[in-house]
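# Analysis of the macromolecular model
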Amino acid sequence: MRFVLYQPDIPQNLGSAIRLAACLEVSLDIIEPCGFPLNDKAIKRAAMDYGGCADVSRHDSWEKFKIWRATEAPTSRVILFTTKSAAPYCDFLFQPDDILLFGRESAGVPEDVHAYADARLFIPISAQARSINVINSASMALGEALRQTSTFPVRP
């Protein structure tokens with residue numbers, strides 16, 4: 001299982017994403033450009049001591065990510081988490097090779113990314129709330145997906 005951040009805006013969220021990927025033993029993909037300078041030094045700083053156990057891949061663009069998927073994960077499904085969906089994530093049947101995609105904190109993803117996704121899901125929240133932090137959303141989604149697929153890591 002993988003999760004993907006589409007052009008993230010907030011560097012602190014990237015650090016949290018790297019730690020989440022390490023702790024849950026899932027791969028993290030970052031689709032650039034980001035809303036902040038991203039280089040190996042920035043990733044190392046954001047990852048803190050989790051960098052050595054996190055599997056992080058960078059893609060220069062959405063198009064390069066699609067090429068990577070076609071060659072490296074052709075049977076995977078891209079599952080987009082979006083407020084523009086009618087299907088709650090708790091009712092979805094996840095598969096072990098799913099790729100969970102999360103949009104920009106400020107703008108989500110463009111329409112062509114919506115159209116590319118194999119499924120679009122939302123996380124139900126209070127009517128008074130605007131949104132959940134993207135990494136909190138990823139934590140919830142990954143927890144459910146890993147629970148369903150029995151691939152949740154066990155701490156020794």
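Residues numbered from 1 in each chain as written. Predicted model: local features only at pLDDT ≥ 70, side-chain atom pairs only at ≥ 80, totals over all residues. Heavy atoms only, no water.

## Structural notes on the nonpolar core
Heads up, the rule is: For this analysis, a nonpolar core means a set of buried residues of the types Ala, Val, Leu, Ile, Met, Phe, Trp, Tyr and Cys, connected via side-chain atoms within 4.5 Å. Buried residues are those whose accessible area, probed at 1.4 Å on protein chains only, stays under 20% of the maximum for their type, while exposed residues exceed 50% and partly exposed ones sit between those limits. Under the DSSP-based scheme used, a helix requires at least four consecutive residues in state H or I and a strand at least two consecutive residues in state E, with every element numbered from the N terminus. By definition, residues are in contact when any of their heavy atoms lie within 4.5 Å.
In terms of nonpolar packing, the biggest core is built from 34 residues, with Phe3, Leu5, Leu28, Phe81, Leu100 and Phe102 touching the most fellow members. For this core, the secondary structure elements donating two or more residues are strand S1 (2–6), helix H1 (11–24), strand S2 (27–31), strand S4 (78–81), strand S5 (99–102), strand S6 (119–121) and helix H5 (134–149). The residues touching leucine 100, leaving out its near neighbours within four places in the chain, are Met1, Arg2, Phe3, Val4, Ile79, Phe81, Phe94, Ala141, Leu142 and Ala145.

## Considering the pattern of salt bridges
Side-chain pairs of opposite charge can arise whenever the charged atoms involved come near each other. Rules: Throughout this description, the term salt bridge denotes a Lys or Arg side-chain nitrogen within 4 Å of a carboxyl oxygen of Asp or Glu.
The tally for this structure, following the rule as stated, stands at eight salt bridges. For the salt bridge of glutamate 32 with arginine 58, the shortest nitrogen-to-oxygen distance reads 2.8 Å. Taken as a pair, glutamate 32 in the loop between S2 and helix H2 (40–47) and arginine 58 in strand S3 (residues 55–59) lie far apart in primary sequence, 26 residues in all. Notably, a salt bridge pairs aspartate 60 with lysine 64, separated by 3.6 Å at the nearest N-O pair.

## Considerations on the UniProt feature "binding site: S-adenosyl-L-methionine" (unreviewed entry) in the protein
Under the convention used in this document: UniProt positions are given in the numbering used here, feature names are shortened, and annotations may be inferred rather than shown by experiment.
UniProt records the feature "binding site: S-adenosyl-L-methionine" (unreviewed entry) at Gly103, Ile123 and Ser131, using the numbering of this structure. Separation in sequence by 29 residues is not matched in space for these annotated residues, since their most distant C-alpha atoms are only 13.5 Å apart. By the element assignment, isoleucine 123 lies in the loop between S6 and H5. You can call isoleucine 123 buried: its relative accessible area is 12%.

## Points about the packing of aromatic side chains
Just so we agree on the cut-off: By convention, a stacked pair of Phe, Tyr or Trp rings (six-membered ring in the case of Trp) has centres within 6.5 Å and planes under 30 degrees apart, an edge-to-face pair has planes over 60 apart, and any other such pair is tilted.
With the rule as written, the count across this model stands at eight aromatic pairs. Aromatic pair phenylalanine 3 and phenylalanine 102: ring centres 6.4 Å apart, planes at 80°, arrangement edge-to-face. On the criterion of sequence distance, the pair formed by phenylalanine 3 in strand S1 and phenylalanine 102 in strand S5 is long-range, its members being 99 residues apart. A network of ring pairs unites the aromatic residues Tyr6, Trp62, Phe65, Trp68 and Tyr116 as a single cluster.

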